[in-house]
Structures are given as C-alpha cells and as structure tokens.
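Listed below are the residues making up each chain.
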Number of protein chains: 2
Amino acid sequence: MSERQLHLNAFLMGVGHHEAAWRHPRTDPSRLDDVRHYANLAVIAERGTFDSVFLADGVQLFGDVRHSIAAGFEPLTLLTALAGATSGIGLIATASTGFSEPFNLARSFASLDHISGGRAGWNIVTTAGDRAAQNFNRDANAEHGERYRRAAEFLDVVTALWDSWEDEALVVDPASGVFADPDKVHEINHRGDFFRVRGPLNATRGPQGHPLLVQAGSSEDGKAFAAAHAEAVFTAQQTFEEGVAFYADLKGRLAAHGRTPDQLVVLPGIVPVLGSTEEEAARLNDELDDLIVPTRAVHQLSELIGFDLTDHPLDERLPPFPPVTRINGAKSRFELVRDLSERDGLTLRQLLRRLGGGRGHQVVTGTPEAIADHIETWFRGGAADGFNIMAPLLPSGLEEFVDHVVPILRRRGLFRTEYTGTTLREHYGLARPRSRYSALSV
Amino acid sequence: MSERQLHLNAFLMGVGHHEAAWRHPRTDPSRLDDVRHYANLAVIAERGTFDSVFLADGVQLFGDVRHSIAAGFEPLTLLTALAGATSGIGLIATASTGFSEPFNLARSFASLDHISGGRAGWNIVTTAGDRAAQNFNRDANAEHGERYRRAAEFLDVVTALWDSWEDEALVVDPASGVFADPDKVHEINHRGDFFRVRGPLNATRGPQGHPLLVQAGSSEDGKAFAAAHAEAVFTAQQTFEEGVAFYADLKGRLAAHGRTPDQLVVLPGIVPVLGSTEEEAARLNDELDDLIVPTRAVHQLSELIGFDLTDHPLDERLPPFPPVTRINGAKSRFELVRDLSERDGLTLRQLLRRLGGGRGHQVVTGTPEAIADHIETWFRGGAADGFNIMAPLLPSGLEEFVDHVVPILRRRGLFRTEYTGTTLREHYGLARPRSRYSALSV
C-alpha cells in the first residue's frame, strides 16, 4: 500500500446526522443518553479502521426547546469513556476557545492523550452566537475577528503548556529522590492581550506531544487560522468545483507559514445515504426529509448562519441575504446557504429539505459503489485527502458504510486494512512535534 | 444490617499518600502515568465495597520541580476512565470554583453522572495560593472570604443548571416530533456578584439529579459553607477529642439551614500503616519516614499552609507562627500544623516526619485489628460517620486494607458486604434532590 491513502473520520451525532433521524423507525432515541450507544459507534468505526471518531459541541441549547435534541454528554468526558471501549481509533473532541481557560483545556486534552495512549485530537472552535456568550457572563458574543485573535493566542498558550514538560524531563530516580529535571520543566510566562499564564502545566507531556489540532471554520479568518495552525480541517463543500477550489486555496496558504502541503489534511463532510439500489437510497432520503419539522429546522438554520428566518413564510422564495460583513455567526456557512438559495431560487421549505440531511454538508444518495466512486473522484481530483463521514442514521448508516463502502475502498487500494500506527498522528501521517523548549536548547 | 453503617472512601494518590511512597521498593513509580494503575486501584476499592474513590486536585505544579511528583491526569477525565473499569463504586473528583466557569463545570459533572449511571461526586474547593492564580490571568489569588463567597454563588449557578431540565422534561415522541416539554426546561437567568448565566444547561438531568456535593475545608468559612451546602465532608483531625469537637460543631450547624444531621456525612482522613504485627507496621512507618527528602517536604508544607519555612534550619525548633488572620492559604491546615508544632515543641525535621505520611491527616500504625478498633472507636464515639482511607503505598496499602481490615469491619456488622444501591447517593444514604423548578410548580 505505497499509494496515497484516504483518511476517514466518523463524525458521531446522536442517532444520526439527518435532523429528523430520531423520528425514523430505524433509530432508537432512548439511546441518546446511553453511553453504550456511543461506545458501539466507536467500535463500529474502529472495525472499519477509521482514523478517528469526532464529537462536535456547542455551549448552549440550540433551537427551540420543544424540538431541540439534547443529551447528557460533554465531548471530553464522553470521548474518555470511548477511549476505554476502543484500542486503536483516534478521538477528536470539539472545545471552544471562547469560554474556557487555556490552562484547564491544555490539562484535559493532555489527560485524554495519556489515558488513550496518544489518540486525542482537539477541534478548535471559537463559538458564534450571543446565546452562548450569555451562559458566560456576557450579553453578546465577541466580534468574528476578535474571536479568531483570541483563538490564536489561546492556542499559543495551550501548546506552550503542552511543551512545558520536555519529553526527557522525568528522571524518577528513587535512590536519589529526584523526580524531574528542573532544567527541562519550564514556566511559560505568557503575557498577551487575552491571557497571562505562568505555567508550567501540572501534567507531563502526552504520548503525542501535542494532541492533533483540527479546525473547521472555512471563512477568511478560519482559513488563515487553519493555514497557520491546523493539521486537519473539516469543511462543508457542496460541489466538486468548490471542493477543488477550497483545497487548492488552503494548501496554497501553507508555504507562507513554512509548512508543506502534507502537513494539513483536508476532510470535507459527506452524508452518505446508502441503499442496495439507487431507488432504495432515494426512498430513504425522502423518508427522512418528510420527517423534518419545519419549525425546528428554521430555528436551527437561523442560529447556524446568524440570520433570522423564523418569520419567513415556508413556501415563499427566500429574501435577499444581507452582506456577509454584517454577519457575526458562522460566516462560511452563511455564504454556503446564501449561494445555494440564490443559485436555485429556493423557497424556505425547499431550502430546509436541501439542508436537513447535513446542515450544509453534501448529501450523496446511492449504492455503496456509487458512494465509493464519489469519494475516489474527490480524492484523486484534488478536492479531498479523505472525508468526514456523517451517517444520516446511527448506528445503521455507519454500519452500512463500514460493511459495504469501506471494503470497496480497500479493494481499490485507497484505504488501510489495519492500523499501521498506534497514535492519531500516526493514522493521519503527521509528525510528533518536539517541545518548543527542547528546540531552543539544541 | 439494621445497625448504623460506616462509609469508606478510597482517596487515590499516585503510588501512595506517604510523600516518599514513590521511593519505597514496594511501589512502581513508572505507573504514575498509566491509567491501568488507577483502574486497578478502583477495582480493588470496589472489591472492598467502598462507597467511593476520590481524586484530589490542584491547578498548579506544587513544590520544587526537582521533587514534585507530576503525572499526566486531570481528575474528571481520569474518573471517567475509571467509570468504565468499574460498575458500582462512586467517583468523586475535586474541581475548583476559582478558575473555571459554572456552565462548563455543571456540564462535565452531569456528563460523568450520565456516563457512570449516577456515581459522580464533586469535591468543591476554592483553591488557595498565588501560584494557582498566576495560571489564570492574575498576579495574586483572591482573599479567603471572597473565595468562599464566589464558591457559594458558583454552586448556586451549577445546581440551578442541573435543575434546569426537570426530570420529566423529555417527551421524545417520534410521531409528533416533540422532543422536550418547553414548560419543564428553564432558563436560570442568574445575575449575581460573580456570574451572569442564562441557561438552560445543554445536558439533560443526570441519574442523581445533583452529583454528590463534597467539601473539605475545615476553616470557619469552610465549616459555614459545608453546613449550608455539603453532603459529605473530608477533614483532617489529629486526635479523637478534636474529631469529636469538629463532628459536633459541624452537625450542630445544620439545623440553622433546615437540615438534619443525617444529611451530612463526616469522613476524617486516616493513613493506615499496616503490618501483621505492631513491629512490622512500625518498621514500615520508619522506612517511609527515612525516605523523606527534607527540601521537598518543606516546600510542600510551606505551600500547603501558606507560611514559608523553606529558609528555616532543619534541626532548630520552629519559629512562632503568625496570626491565622494573616494567612490566605488553607487556614484550617495552618492551624493544625501550628498546634502540633507548638504543643510538642518540634524542630522542623521532626515536624516534617510527623506530617510526611498524611500532610496533616492522622497516621495510624498497627495491625488490621488495631486499625479496625481505631475506626470503630471514632465511629461509635461521635467523631466520624466513616473514613477517608489514605493508603501510604498504592496499590499495596489499599489491597491490605481491603483484604484484612474490611473483613473485620464486616464481621463486626459495621460495614456492607455488598452494594445495596446503584448510585453514589444511595451508598451514602442521601436523598436524590428534586429540581428546584419542579418544587415551584407543585
């Protein structure tokens, strides 16, 4: 298998990514609060030798309460539980730079990296929306650019703390009573615009040095951040042409940061709606779209893109969208929805159906062979290094992907048949960073 | 077993509570970073039908780096891993009210409660020391009284968030598409001196309603806080008389808060140094004390009590202690150390030996029968509802306690032979709280 290899991430989301998944007879919504459901998903993904599983996150209750799908879990604790249920697969949790302290976050991810034997990844988000800010002592959220400036400084503090114990810092000599080499444990003495942090971290360096750094924003600020810092990027791209353009844009930005294209992996999201025939797949897609509750969907969409559509009549064409500069939400998702609605002249109801499956990620309906073809086309055509797999129903959609699509990708020589490394970085083919302090003392 | 029953908590601490534990040939310090070591400890405690295991915490690196014993774990993630390795025992994590956001902490503990099936407990600490504050954007820590005022408000926000989803809030009706009853999900709209939090929490109510609330400060502020809020109290008491006085004091304060004595469980710490004979136990105690590194010990002590003794000659008697009003550290531990040193006229070296085993907790050296007698005396004599067991060496000291002391306590009818409930609250005989919002609507 010397050929370039695909990377696959299983994006876990309750009982499925389709927003009406919990209403479909193939799911069991009573399992939303059952950790064994999520453990089962991770085990299925590991059977499929996926690089990783991933949990998204927000720090607010989304949408209207009546239709909001809530469960009891926070990503870092849930992923820690999944670490114990698996042995090889990577574990990526979303955590926001907006509403926590870098010291706490650095510790928690270092801890997950230790517990999992080097399988931790952090999806760095800045968190949009005033509702989130109102859970954290503020009336309104910070402006988009400021959120990203805070994120960059937050990340700098976190990585410095991960580096504050060099790999060789532990002496652990019972005879002399010396536990650590004080020359290899560093105060970071960070003083910036947002944070002052002395350090060192009170956790030793994890197996990966730094947990894998993932990013998912595709706005101008988001791409600039990703090019400077991210090692894997989740993105929503509706068409192959857009995918190629995004991929080239992002990879092209790396050189300015002294990075090479292979140091960042681009993973568009894809919702595979599978059937043993095209007709069966299309039927499942229709069944799901018919279960969408428009009230819920329009609330979710309005919060997602930061543009209120809740008063717009369902069967009228959408109003003109405001300039993106006036949006303080997820800017890239706003633009994606605007382009989709303007290009095809959609009514609100049509738009909700178009987005219901994947919230802006491409929904691909078809047989396992057709889905594999789609994946291969994007992968070979310069639009993706792999995919973020968002099964519409869980566990069934992930099981079908692992049992029917993964074998095709393997037969084509595109995807691993077993893990060749033990850490998440090794799965993604990314180097283990040295401590910034070790580098200085060389 | 209708008789009043003991409660036992296993306080887990690296390879042992004695500060020189890692230097003793019976421990393996290479396991400090190995999650399986901690899982093994939890399994041993569960075999002994302990009520719970407990992890302490700080948000700084303690003492001088050369002798500081650091590992890679943060308590909430580590306990989540232990949840998967066990099925019945409670899981108590320390978390500070000083340096995190109530929304984040409420979510993480709710998540652990869901993951563990109702076995989560929170040991509420305010965190002393400027070194801690310097990791969180400040030069100095807040003053003792202000820390407790912040803690009380923090706790009020956290419990309101846990209550924000009433138990009956989930409808989950696929046919109608209604997921939750909006009349049973509440914004908390907290506006206080320290926090403004809108809510609701984005996590459903956990199996216990509220994870168990534990507290460990024994200062005047600490006792007032415990009487108002805590359901279990960890405390350091050197003598039986002090234990009786503390127990009566704390239980006597409950009525003023409309609480009964059985709503708060008092658990003094005890370091059992076990031997099959008194001589064997005393020899182990000496071996451990001989391994103390004075430089390390004096650093740890100075930080613990907030009074710098690092320049004091080891073999001279201690200087007069300053008034406790000038101390902004752990006030009750300061007073305990001051009383011990003044009462017995100790040199610094003698004091370090006296404290080395338990950092102020009583060290009891003897046979299993003698330790059981000691426990029974305190339990029947009104000094304790149970004990916080701090094995000097781990795992060996915990194994010996479970295999040799627990059977004696069981034969005497003082301790359970199997779990009679499934949640941590049930183990401690404490009621499950109703949501404050449910109570209003009755």
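These numbers were taken from a predicted model, which means no experiment stands behind them.

1. Topic: the UniProt feature "binding site: FMN" (unreviewed entry) in chain A
Next up, step 1: UniProt annotation of "binding site: FMN" (unreviewed entry) refers to Asp-57, Thr-94, His-144, Tyr-148, Ser-218 and Ser-219 of chain A when read in the numbering used here.
Next up, step 2: Note that Asp-57 of chain A resides in the loop between strand S2 (52–55) and helix H2 (75–85).
Next up, step 3: Setting aside its immediate chain neighbours within four residues, Asp-57 of chain A contacts Pro-75 and Thr-94 of chain A together with Arg-107 of chain B.
Next up, step 4: A distance of 2.6 Å separates the side chain of Asp-57 of chain A from the side chain of Arg-107 of chain B, its partner in a polar contact.
Next up, step 5: Within the secondary structure layout, Ser-218 of chain A lies in the loop between strand S9 (212–215) and helix H6 (220–229).
Next up, step 6: With relative accessibility at 13%, the residue Ser-218 of chain A sits in the buried group.
Next up, step 7: Excluding residues that lie within four positions of it along the chain, Ser-218 of chain A makes contacts with Lys-223, Thr-235, Phe-246 and Ser-332 of chain A.
Next up, step 8: Of the polar contacts made by the side chain of Ser-218 of chain A, one reaches the side chain of Thr-235 of chain A; its length is 3.0 Å.

2. Some points on the environment of Asp-167 of chain A
Residue and element names in this part refer to chain A.
Next up, step 1: Mapping Asp-167 onto the fold places it in the loop between helix H5 (144–163) and strand S5 (170–173).
Next up, step 2: Judged by its relative accessible area of 33%, Asp-167 is partly exposed.
Next up, step 3: As a C-alpha pair, Asp-167 and Lys-184 span 17 residues in sequence and 8.3 Å in three-dimensional space.
Next up, step 4: Not counting residues up to four positions away in its chain, the partners in contact with Asp-167 are Arg-205 and Arg-432.
Next up, step 5: Within the structure, the side chain of Asp-167 is placed 2.8 Å from the side chain of Arg-432, a separation counted as a polar contact.

3. Some remarks on the relation of the copies chain A and chain B
Next up, step 1: When chain A is fitted to chain B, the residual RMSD is 0.0 Å, and the transformation amounts to a turn of 180° plus an axial shift of 0.0 Å. What the superposition gives is, in effect, a two-fold axis relating one chain to the other.
Next up, step 2: Taken as a fraction of all interface residues of chain A, those also at the interface in chain B reach 100%, which identifies the copy contact as same-surface.

4. Some words on the nonpolar core
Next up, step 1: Among the nonpolar cores identified, the biggest contains 223 residues, and Phe-50, Trp-122 and Leu-398 of chain A together with Phe-50, Trp-122 and Leu-398 of chain B are the most heavily contacted of them.
Next up, step 2: Of all hydrophobic cores here, the second largest spans 21 residues; its members include Ile-305, Val-324, Leu-351 and Leu-352 of chain B.

5. Focus: the pairing of strand S11 (residues 265–274) of chain B
All names here are of chain B.
Next up, step 1: For S11, the buried fraction is high: ten of the ten residues fall into the buried class.
Next up, step 2: Here S11 shows two buried faces, one formed by Val-265, Leu-267, Gly-269, Val-271 and Val-273 and the other by Val-266, Pro-268, Ile-270, Pro-272 and Leu-274.
Next up, step 3: Of the pairings in the sheet, the one linking strand S10 (residues 232–235) to S11 comprises four bridges and is parallel in character. By the bridge assignment for S11, Phe-234 is matched with Leu-267.

6. Thoughts on the side chain of Gln-362 of chain B
Residue and element names in this part refer to chain B.
Next up, step 1: Checked against the element boundaries, Gln-362 lands in strand S12 (residues 362–366).
Next up, step 2: A relative accessible area of 4% means that Gln-362 is categorised as buried.
Next up, step 3: In terms of polar contacts, Gln-362 uses its side chain to reach the side chain of His-374, at 2.9 Å.
Next up, step 4: Leaving out residues up to four positions away in the same chain, Gln-362 has contacts with Gln-237, Gln-238, Pro-268, Gly-269, Ile-270, Val-271, His-374, Trp-378 and Phe-387.

7. Structural notes on the UniProt feature "domain: Luciferase-like" (unreviewed entry) in chain A
Next up, step 1: Summarizing the sequence annotation, UniProt attributes the feature "domain: Luciferase-like" (unreviewed entry) to residues 27–383 of chain A in the numbering used throughout.
Next up, step 2: With 41% helix and 14% strand, residues 27–383 of chain A has its two end C-alpha atoms placed 32 Å apart.

8. Regarding the pairing of strand S2 (residues 52–55) of chain B
Residues and elements named next belong to chain B.
Next up, step 1: With burial as the criterion, each face of S2 is covered, one bearing Ser-52 and Phe-54 and the other bearing Val-53 and Leu-55.
Next up, step 2: Note that strand S1 (residues 7–12) and S2 share four bridges and pair parallel. Following the sheet pairing, Ala-10 is matched in S2 by Val-53.
Next up, step 3: For the crossover from S1 across helix H1 (residues 35–47) to S2, the handedness is right-handed.
Next up, step 4: In this structure, S2 lies alongside strand S3 (residues 90–96), joined through four bridges in parallel fashion. Bridging from a neighbouring strand, Val-53 pairs with Leu-91 of S3.

9. Concerning the interface of chain A and chain B
Next up, step 1: Taken together, the contact pairs 71 residues of chain A with 71 residues of chain B.
Next up, step 2: Here chain A and chain B share an interface that buries about 6100 Å² over both sides, 54% of which is from carbon and sulfur atoms.
Next up, step 3: For the interface between chain A and chain B, the tally reads six salt bridges.
Next up, step 4: Residue Arg-107 of chain A pairs with Asp-57 of chain B through a salt bridge whose shortest N-O separation is 2.7 Å.
Next up, step 5: Counting across the interface, chain A meets chain B through 34 residue pairs in polar contact (both at pLDDT 80 or more).
Next up, step 6: Among the elements of the structure, H2, helix H3 (102–115), S5, strand S6 (178–180) and strand S8 (196–197) of chain A are those that each provide at least two residues to the side of chain A that touches chain B.
Next up, step 7: Looking at the side of chain A that touches chain B element by element, the count peaks at eight residues for H3 of chain A.
Next up, step 8: Grouping the amino acids of the side of chain A that touches chain B by side-chain chemistry returns 36 nonpolar, 20 polar and 15 charged.

10. A word on unusual backbone geometry
Next up, step 1: Following Gly-199 of chain A, the chain continues to Pro-200 of chain A via a peptide bond in cis, the omega torsion being -5°.
Next up, step 2: Within the fold, Pro-200 of chain A resides in the loop between S8 and S9.
Next up, step 3: Its identity is not glycine, yet Thr-127 of chain A carries a phi of approximately 70°, on the positive side.
Next up, step 4: The topology assignment puts Thr-127 of chain A in the loop between strand S4 (120–125) and helix H4 (130–133).
Next up, step 5: By relative accessible area, which is 13% here, Thr-127 of chain A ends up buried.
Next up, step 6: Even without glycine at this site, Val-172 of chain B takes up a positive phi of about 50°.
Next up, step 7: Structurally, the position occupied by Val-172 of chain B is in strand S5 (residues 170–173).

11. Considering H2 of chain A
One full turn of an α-helix is made of 3.6 residues, so residues set three or four places apart face in the same direction.
Next up, step 1: The buried fraction of H2 of chain A is high, at nine of eleven residues.
Next up, step 2: One side-chain oxygen of the residue at the start of H2 of chain A lies 3.1 Å from the amide nitrogen of Leu-76 of chain A, identifying that residue as Glu-74 of chain A.

12. Observations regarding the packing of helix H9 (residues 294–305) of chain A against helix H11 (residues 348–356) of chain A
Residue and element names in this part refer to chain A.
Next up, step 1: Here H9 crosses H11 at 75°, and the two axes come no closer than 10 Å. For the element pair H9 / H11, the angle class is roughly perpendicular. Of H11, the residues touching H9 (which contributes Pro-294, Ala-297, Val-298 and Leu-301) are Leu-348, Arg-349, Leu-351, Leu-352 and Leu-355.
Next up, step 2: Of the residues belonging to the contact of H9 with H11, the class tally is eight nonpolar, no polar and one charged.

13. Some remarks on the packing of helix H1 (residues 35–47) of chain A against helix H13 (residues 396–411) of chain A
Residues and elements named next belong to chain A.
Next up, step 1: Contact geometry for H1 and H13: axes closest at 9 Å, N-to-C directions at 10°. Classified by the interaxial angle, the pair formed by H1 and H13 is roughly parallel. Residues Leu-41, Ile-44, Ala-45 and Arg-47 of H1 form the contact with H13, whose participating residues are Leu-398, Glu-399, Val-402, Asp-403 and Arg-410.
Next up, step 2: Of the residues in the contact of H1 with H13, the class split is five nonpolar, no polar and four charged.

Criteria and cut-off values
- Residues numbered from 1 in each chain as written.
- Chains lettered and ligands numbered in written order.
- Predicted model: local features only at pLDDT ≥ 70, side-chain atom pairs only at ≥ 80, totals over all residues.
- Heavy atoms only, no water.
- UniProt positions renumbered as here; feature names shortened; annotations may be inferred.
- Helix = DSSP H or I, 4+ residues; strand = E, 2+ residues; numbered from the N terminus.
- Contact = heavy atoms within 4.5 Å.
- Polar contact = N/O pair within 3.5 Å; in protein donor to acceptor, adjacent residues only side chain to side chain.
- Buried < 20%, exposed > 50% of the residue type's maximum accessible area, 1.4 Å probe, protein only.
- Least-squares fit on C-alpha atoms with pLDDT ≥ 70 in both.
- Core = buried A, V, L, I, M, F, W, Y, C linked by side-chain atoms within 4.5 Å.
- Pairing = 2+ DSSP bridges.
- Right-handed = clockwise from strand over helix to strand, strands pointing away.
- Buried area = accessible area lost by both parts, 1.4 Å probe.
- Salt bridge = Lys/Arg side-chain N within 4 Å of Asp/Glu carboxyl O.
- Nonpolar A, V, L, I, M, F, W, Y, C, P; charged D, E, K, R; others polar.
- Axes fitted to C-alpha atoms, helices over the stretch in contact; angles between N-to-C directions.
- Parallel < 35°, antiparallel > 145°, perpendicular 65-115°, else oblique.

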